[in-house]
Amino acid sequence: MILNKNTTKENFDFVVNTIYSKYNFIKKSNIQAIFVKELPNADLLLANKEGGNGKTTHIACTGESRQFFGDFIANTLINETSDTFYDTDRHDYKFKIFIEEKYVNNKNNFIKSHCALWINIKKDENQIGLSKDKFDDSNFKQLRRCMFKDNILIFFKYLNTNENIFDYYLILIKDENERNNLIRGIGTLKNKPRYAALDNDNNNNNNITHILEADSPYTSTIINPCNNIGFNKIFYGCPGVGKSYKIDKEYNSNIFRTTFHPEYTYYDFVGSIRPQIDYNLNPPTTNYMFLPGDFTKALKFAIDNPNEVVNFVIEELNRADTSAVFGDIFQLLDRDDLGYSKYYITNENIARVIYEYSNTQAIEEWLGIDVKKHQVKLPNNLNIIASMNTSDQNINALDSAFIRRWDQEYIPIDFTKLTKSIIISGLNVDWSKFVECVNERILDSGMMNAEDKQLGPFFAKESTITNEHLFSNKILVYLWKDVFKVNKSIIFNTDNVKGINSLVTLYSKDPLSVFNDDFKKDLNL
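Bear in mind that the values here come from a model prediction, so they are computed numbers and not experimental data.

**Student:** Sorry, what's going on with the sheet that holds strand β14 (residues 310-315) here?
**Tutor:** Sheet strands pair by backbone hydrogen bonding; their relative direction is either parallel or antiparallel. With respect to topology, 5 strands assemble into an open sheet ordered β11-β14-β17-β10-β18, the strand pairing being parallel. Each end of this open sheet is capped by a strand with a single partner; those strands are β11 (255-259) and β18 (407-410). For this sheet, the mean inter-axis angle between neighbouring strands, taken without regard to orientation, is 20°. Sheet analysis places strand β10 (residues 232-237) next to strand β17 (residues 382-389), joined by 6 bridges and oriented parallel. Residue pairing across strands places F235 opposite S387, the latter belonging to β17. Of the strands in this sheet, β10, β11, β14, β17 and β18 are in contact with helix α5 (residues 243-250), which crosses β17 at around 160°.

**Student:** Is there a simple way to explain helix α15 (residues 500-509) in this structure?
**Tutor:** Because each turn of an α-helix spans 3.6 residues, side chains separated by three or four positions end up pointing in the same direction. Taken residue by residue, α15 has L503, V504 and Y507 as its buried positions. Each buried residue of α15 lies within a common arc of 90° when the element is viewed along its axis, so the set occupies one face. Structural note: α15 exposes N501 and K509 on the side pointing more than 90 degrees away from its buried face. Packed against the buried residues of α15 are α14 (468-483).

**Student:** Is there a simple way to explain the environment of D370 in this structure?
**Tutor:** Examined against the element boundaries, D370 turns out to sit in the loop between α10 (360-367) and β16 (375-376). Of the residues examined, D370 reaches a relative accessible area of 23% and is grouped as partly exposed. Sequence-distant contacts of D370, that is, excluding residues within four places in its chain, are made with E364 and Q375. In this structure the side chain of D370 is engaged in a polar contact, spanning 3.1 Å, whose partner is the backbone nitrogen of K372.

**Student:** Would you take a moment to explain the confidence of the model for the chain for this structure?
**Tutor:** Low-pLDDT stretches of the model should not have their predicted coordinates read in fine detail. Of all residues in the chain, 86% have pLDDT values of 70 or greater, and the mean over the chain is 83. Scored below 50 in pLDDT, residues 1-5 shows 13 contacts in the model against residues more than four places distant or in partner chains. In the predicted structure, residues 200-221 sits below a pLDDT of 50 and forms 68 contacts with residues beyond four places in sequence or in another chain.

**Student:** How should the nonpolar core be read in this particular structure?
**Tutor:** Side chains of nonpolar character tend, in soluble globular proteins, to be buried together. Within the largest apolar cluster, 42 residues are counted, with the highest numbers of intra-cluster contacts made by F269, F326 and Y355. Looking at this core, the elements that each hand over two or more residues are α7 (294-304), β14, α8 (322-326), α9 (348-354), α10 and β17. Looking at which element gives the most residues to this core, the answer is α7, with 5 residues. If we ignore the near neighbours within four places in the chain, the residues touching Y355 are I303, I363, L367, I369, V371, Q375, V376 and K377.

**Student:** What should I look at first to understand the pairing of strand β1 (residues 31-38) in this one?
**Tutor:** If a strand is regular, its side chains alternate between the two faces of the sheet. Of all 8 residues that make up β1, 8 are buried, and the element is covered over most of its length. Bridge count for β1 against strand β7 (residues 152-160) is 7 bridges, and the pairing is antiparallel. From the neighbouring strand, K37 faces β7, where its bridge partner is L153.

Criteria and thresholds
By convention here, each chain's residues receive numbers from 1 onward along its written sequence. In keeping with the model being predicted, local features are shown solely for residues with a pLDDT of at least 70 and side-chain atom pairs are shown and tallied solely at 80 or more, while totals for entire chains, interfaces and linings include all residues. With hydrogens and water set aside, each side-chain value is computed from the structure's full complement of heavy atoms. Only strands joined by at least two bridges in the DSSP assignment are considered to pair. Only runs of H or I of at least four residues qualify as helices and only runs of E of at least two qualify as strands under DSSP, and these elements are numbered from the N terminus. Note on method: axes are straight lines fitted to C-alpha atoms, helices fitted across the in-contact stretch only, with angles between N-to-C directions ranging 0 to 180 degrees. We call two residues in contact when some of their heavy atoms are within 4.5 Å. The buried label goes to any residue with under 20% of its type's maximum accessible area, the exposed label to any with over 50%, and the partly exposed label to all in between, with areas taken from a 1.4 Å probe on protein chains only. The directions considered for the arc run from the helix axis to the C-beta atoms. N or O atoms closer than or at 3.5 Å make up a polar contact, with two conditions inside protein: a donor-capable atom paired with an acceptor-capable one, and, for residues adjacent in sequence, both atoms drawn from side chains. Values of pLDDT, the confidence the predictor places in each residue, fall between 0 and 100. Residues grouped as a nonpolar core are buried Ala, Val, Leu, Ile, Met, Phe, Trp, Tyr and Cys residues, joined through side-chain atoms within 4.5 Å.

Structure representation (structure tokens):
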């Protein structure tokens, strides 16, 4: 293999594996050359351009990438057959190429096509143009209609062993995840074409020298993970103590966030096979594919970025059926001293997503697993962080086997976190003083889950506290309905207040009259 100073064999192999993952009937050893190009606005059909009125619609191939077409042009000049060569004076060539059949007949294969390949001697002999509307066949025209800005083209030269000739193929990368994976593997394209090829003396003694233009290629076969020790941690406390704020402040890198709720399932968390409509095809076609869930997306990002710490945040951990949501992922939560899962699980759907386009050997060395057997582990750079209101324990209790796999931190009620005094509209008393008195009554009441019923300093926003109408409808109604629902007379004057309607109405007229004398005394009212 002959490669220039900007590339490695891993670059070539990465793109070969990308092609093979999409079409596994392709023989990897027969792929001889690869040309990768990100489409700029200028290379699109007029109908697909984002603004502007530039009329250039051919696909421009400049720099070293022109070499990809060198063998074709040289062979055409020698043979001058009518099948491949149609305008000597204009240097126009009939370029035969196989394109993805899904854009033509909705099939997972390749179909023969041809387009114009030409050199503009008058304007720029260093540029090769691909495609001219009047010379392209219907198949290639249909493919061009599906090309938009930032899509990626992968051309590859394929050894046809039956006829001992080279065929040319084209793959269009439109999916954002596929695009991002490809760029992570070979570096940012920045609209510059790249060209790579294999010099393999074992294939019919073909000696091909090739170059890859690379900005930041993937060069390492060994993953160097960050020194993070992965963990699972639950932050819990009563409503309004600042659990989510603390998580955002302390774990602010690469955050993936989800919120559990009664309808949240394993399929939302891990993923599921669902129908997808591809509107780029004509007519639109429905395919069934595995769509990764919130956890799988975070895990894939961690696998793809071993040098970065990734934080997967679960809000309201116990508001869903947690055992059902985690399913087999539960086994991964048991971590060793370095933050890796102690045990692996076998999950083909997850494995196919998180290891797609990855360096398999490096992953196996890093995690100590067998990728081919679809084994999955949590890496040390993935933290799982959850929040939970302790007052919600009765929604879905977390069993001891689950809790054992998490560190836990209680967030206390701390009014020193408030940066200023907030005066309650109507009472003219400080919010912190009001809540402290309420919380003291809750603890002294002997009610069930008394500690969990308390209010935190951030239970309500300042705009709510300082608005008489909002305060009564949110805070007072909450205390009436939920906190003191068994014995409302603990803080309320039940001679005056008979229900929510009288509570809100009376507070708007005479705020002090809704509370009993003992509570008003505690508030110095």
